[in-house]
Amino acid sequence: MQKNYVTVIKPSKGWISLNVKELWQFRELLYFLSWRDIKVRYKQTALGVIWSILQPLLTMVIFSVLFGRFAKVPSDGVPYPIFVYIGLLPWQYFAAVLNQSTNSLVAGKHMITKIYFPRLIMPASTSISALLDLCIASIILGVMMLYYDVTVSSGILLVPVLLVLTIVNAAGFGMWFSALNVRYRDIQYAVPFLIQIWMFVTPVIYPSSLIGERYAWILSLNPMGGVIESFRPAVLGHMPIPWISLMISATIGGMVFIGGIFYFRRVERYFADVI
Amino acid sequence: MSKTIIEVENLSKKYTLGERAPYGSLREEIMQTLAFAFKRSVSRSSRLAPDDNVFWALKDVSFEVQEGEVLGIIGKNGAGKSTLLKILSRITEPSSGEIRMSGRVGSLLEVGTGFHPELTGRENIFLNGALLGMSKQEIKSKFDKIVAFAEIDKFLDTPVKRYSSGMYVRLAFAVAAHLEPEILLVDEVLAVGDAEFQKKCLGKMGDVAKDGRTVLFVSHNMAAIANLCDRCILLDSGQIHSAGIPNDVINNYLCASQQDGIQEAPGEYNLADRKNPYLQDKLIVRKIRLLNSQGIPRDTFQMGQEMTIIVDVEGMSDYRDAWIGIIFKSRDDQWLTGISTGMTCSHVDEPRQKREKAILNVPQLPFTPGSYWIGISITRGRSGRIDYVDRAAQFFVVEADVYGTGYHVSADYGVIYLNAKWEIKEVIT
């Protein structure tokens, strides 16, 4: 490869910048690790990839019965199953990435102590591999929309942007939690619990209109709040997109992401020593 | 003509001990911060002098490597060899000092890093290759060579969890062996696989060296070091003890390395005053005694004589699953044999006492005349050492008339003598 490639190794001090050039050199590893996750995930299961449909589907059915039918949670005039399913898709992606990336470094401990590569790749690869489940589960949404005779709105063009925001959120928190988990194994016990609580403060099973306009903004302080709240009008067009809460969520999510990168880079130097 | 390709300058790496556990829980951290804030307890850091809880794995190490040179690194366990390679391969950062390397660096600290048991051989070649820093293109072009080297073509599409351990290691080494960086760092990876495969690996290493690549090679295999390396460095307690022509340095190592303990009497060694390379603040092995058939400590035994080894240990009650192993080594550090409590199923799963002594009885020493080392290894189960004494005790074997014929079996016959019987019978046709 490059002949005059010089590596200098010395103790790093203070905050380190993101070494984009190096990340680019290792892009194939990112691809391979994501590909490994996908390959391995449903190995030796009887149902295989059906699992990625079953999970959101069954959750949707249970929530529709519990919250839609019995508790009569309002859904902004949209059939409740569709309402909750659109919320569940990004949420379950977010939750899956958080769960997997938190453990990614500790689970890949043998790699971290034996070989060098930008450690960021490990949590990052989980946010890519989980996309596959999201895509597969989205097929069901199409089927449901046909069944309920709901049309797609032109706002669907916003969906890629919302998807990127979801990935940024998941990767951002994933970096924080995975790096913290190297030093404090408490994190791996706290995260599953946190995710449970987090879902209830995110408008997944209820619309933010339920809270009342006065306090709805509090929901958008949650980076996933504004994103999930915007997914529905983007797909269905049943109401205007809540731009303000989307902006607030995106800003906070972006800050978590950038902060996560710097925090991760700062602490990754001791990973191999303490993991 | 030759240019300096690696420059290591005053490299040091320290680990902080005791004060902070390798990884703590948040609660401990918070409690410590609180305790510090309120100055309630005498802070532990002020009680211990800084030198006490700092362990220098490497201290002021400087050397240079020329392009195309094969440099061997030897030293006892815990001398800093692996730490050095870990810093060179950027797995961990140095505490001070600087390294400059020109060229692509490939490191091989373990074979099969990142192998996933559920993936097939083919898939693992790509994954492992990518981890080692090869591009997809590169792996594709070398794929056939890798498969041929590993001799696994029939099992290419079988998950590696169904591989025999030999196949697994062959495949893992094959991928690594086809990495073609300008600088290759290798740590003791050749100690795996069967003898034939080891030979093949050493051959491959030799090819890499002949190719003009720069290699840093850590090994306990002195023969391999002597054969492959142009130059050799002996590390001792994190510092360079000596450097130069491999044979000279190896001799240095074999002569200079003394026992780890203090000899109190012939056959009696106090091991309580040393560093435990695995548990920083705790010494498990305290003492070793070698007793003859009369129960008297001795360092000289006759061939075929009875030997009883008594190891005093402390604190094993904290590790109920721990095994005590005794290793017999020849003068040039070759492992001859070893026996652990786990292998013989003694002492496992019994309630443990704070202080114990482990007694190993060898009814007949099977060694030819010469000097031998005894090492002690405490492991949790099969792996995970928690204490290790490389050279706990030395003993000498002297000639004896073991066959009752007056024939003297000397060291020329090898290290082991057989307690066996010949019988010659007539063949009746």
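None of these values were measured; they are calculated from a predicted model.

Trainee: It is not clear to me how the overall build of chain A should be interpreted in this structure. Could you clarify?
Mentor: Across its full length, chain A holds twelve helices and one strand. A compact globule built from 275 residues should have a C-alpha radius of gyration of about 19 Å, and chain A, at 20 Å, falls within 12% of that. Along the first, second and third principal axes, the C-alpha atoms of chain A reach 65 × 45 × 35 Å. Out of the 275 residues in chain A, the part that is buried amounts to 42%. At a minimum sequence separation of 6, the contacts of chain A that also span at least 24 residues come to 79%.

Trainee: Before we go on, may I ask you to explain unusual backbone geometry in this structure?
Mentor: Across residues other than glycine, the phi torsion is negative in most instances, and most of the peptide bonds are trans. Residues and elements named next belong to chain A. Positive phi outside glycine occurs at Lys72, with the angle close to 55°. For Lys72, the position within the fold is in the loop between helix H3 (51-70) and helix H4 (80-107). Phi angles above zero are rare outside glycine, and Asp149 is one such case at about 55°. Tracing the sequence through the fold places Asp149 in the loop between helix H6 (121-147) and helix H7 (159-183).

Trainee: Can you walk me through the packing of helix H2 (residues 27-41) of chain A against H6 of chain A in this structure?
Mentor: Each pair of packed helices gets described by two things: the angle between the helix axes and the distance between those axes. Residue and element names in this part refer to chain A. Between H2 and H6, whose axes approach to 8 Å, the crossing angle comes to 50°. In terms of axis orientation, H2 runs oblique to H6. In terms of crossing hand, the pair formed by H2 and H6 is right-handed. Residues Leu29, Leu30, Leu33, Ser34, Asp37 and Ile38 of H2 form the contact with H6, whose own contacting residues are Ile121, Met122, Ala124, Ser125, Thr126, Ile128, Ser129 and Leu132. Taken together, the residues of the contact of H2 with H6 break down into nine nonpolar, four polar and one charged.

Trainee: Where do I start with helix H10 (residues 223-236) of chain A in this structure?
Mentor: In an α-helix, one turn spans 3.6 residues, which is why side chains three or four residues apart end up on the same side. Counting buried positions over the 14 residues of H10 of chain A gives 13, a clear majority of the element. Directly beyond the C-terminal end of H10 of chain A, a positive phi value near 65° is found at Gly237 of chain A.

Trainee: Sorry if this is basic, but what is going on with the pairing of strand E10 (residues 262-265) of chain B here?
Mentor: It is a general feature of regular strands that their side chains alternate between the two faces of the sheet. All names here are of chain B. When E10 meets strand E11 (residues 268-270), the two strands line up antiparallel, connected through three bridges. Bridging across to E11, Ile262 finds its partner in Asn270. Here E10 hands over to E11 after two residues, with Gly267 in that stretch at a positive phi of 85°.

Trainee: Would you mind showing me how to read the domain arrangement of chain B here?
Mentor: One widely used convention gives an interface's size as the accessible area the parts lose upon coming together. All names here are of chain B. Splitting chain B by domain gives domain 1 (4-8 + 66-255) and domain 2 (262-413). Its C-alpha centre places domain 1 at a distance of 32 Å from the equivalent point of domain 2. With six residues of domain 1 at the interface, the matching set in domain 2 holds five residues. Here the residues of the side of domain 1 that touches domain 2 are counted per class, giving two nonpolar, three polar and one charged.

Trainee: What's the story with the interface of chain B and chain A in this structure? I'm lost.
Mentor: Each partner contributes to the interface: chain B provides 38 residues, whereas chain A provides 32 residues. Of all the secondary structure elements, the ones that give two or more residues to the side of chain B that touches chain A are helix H3 (81-88), strand E4 (96-102), strand E5 (105-108) and helix H4 (121-131) of chain B. A breakdown of the residues in the side of chain B that touches chain A according to their chemical character gives 15 nonpolar, 13 polar and ten charged.

Trainee: Mind showing me how you'd approach the sheet that holds strand E7 (residues 214-218) of chain B here?
Mentor: Strands pair in a sheet through their backbones, by hydrogen bonds, and they do so in one of two ways: parallel or antiparallel. Residues and elements named next belong to chain B. Taken together, the six strands give an open sheet; going across it, the order is E5-E6-E7-E3-E8-E9, and neighbouring strands pair in mixed fashion. The strands lining the two open edges of the sheet, one partner per strand, are E5 and strand E9 (239-244). The sheet shows a mean angle of 15° between the axes of neighbouring strands, taken without regard to direction. Pairing analysis gives five bridges linking strand E6 (residues 183-187) to E7, with the strands arranged parallel. By the bridge assignment, Val186 is partnered in E7 with Phe217.

Trainee: How do you make sense of the sheet that holds E4 of chain B when you look at a structure like this?
Mentor: Taken together, four strands build an open sheet; the order of strands is E1(A)-E4(B)-E1(B)-E2(B) and the sheet is antiparallel. The strands lining the two open edges of the sheet, one partner per strand, are strand E1 (6-9) of chain A together with strand E2 (54-66) of chain B. Taken pair by pair, the neighbouring strands of this sheet meet at an average axis angle of 15°, ignoring direction. Note: E1 of chain A against E4 of chain B, four bridges, orientation antiparallel. Across the sheet, Val8 of chain A pairs through a bridge with Arg100 of chain B, a residue of E4 of chain B. With respect to the sheet, H3 of chain B is in contact with E1 of chain A together with strand E1 (4-16), E2 and E4 of chain B, its orientation differing from that of E2 of chain B by roughly 65°.

About the thresholds
- Residues numbered from 1 in each chain as written.
- Chains lettered and ligands numbered in written order.
- Predicted model: local features only at pLDDT ≥ 70, side-chain atom pairs only at ≥ 80, totals over all residues.
- Helix = DSSP H or I, 4+ residues; strand = E, 2+ residues; numbered from the N terminus.
- Rg over C-alpha atoms; globule rule 2.2 N^0.38 Å.
- Buried ≥ 20, exposed ≤ 12 C-beta atoms within 10 Å, placed from the backbone.
- Contact = placed C-beta atoms within 7 Å.
- Axes fitted to C-alpha atoms, helices over the stretch in contact; angles between N-to-C directions.
- Parallel < 35°, antiparallel > 145°, perpendicular 65-115°, else oblique.
- Left-handed = near helix turned anticlockwise from the far one by under 90°.
- Nonpolar A, V, L, I, M, F, W, Y, C, P; charged D, E, K, R; others polar.
- Pairing = 2+ DSSP bridges.
- Domains from an automatic or database assignment.

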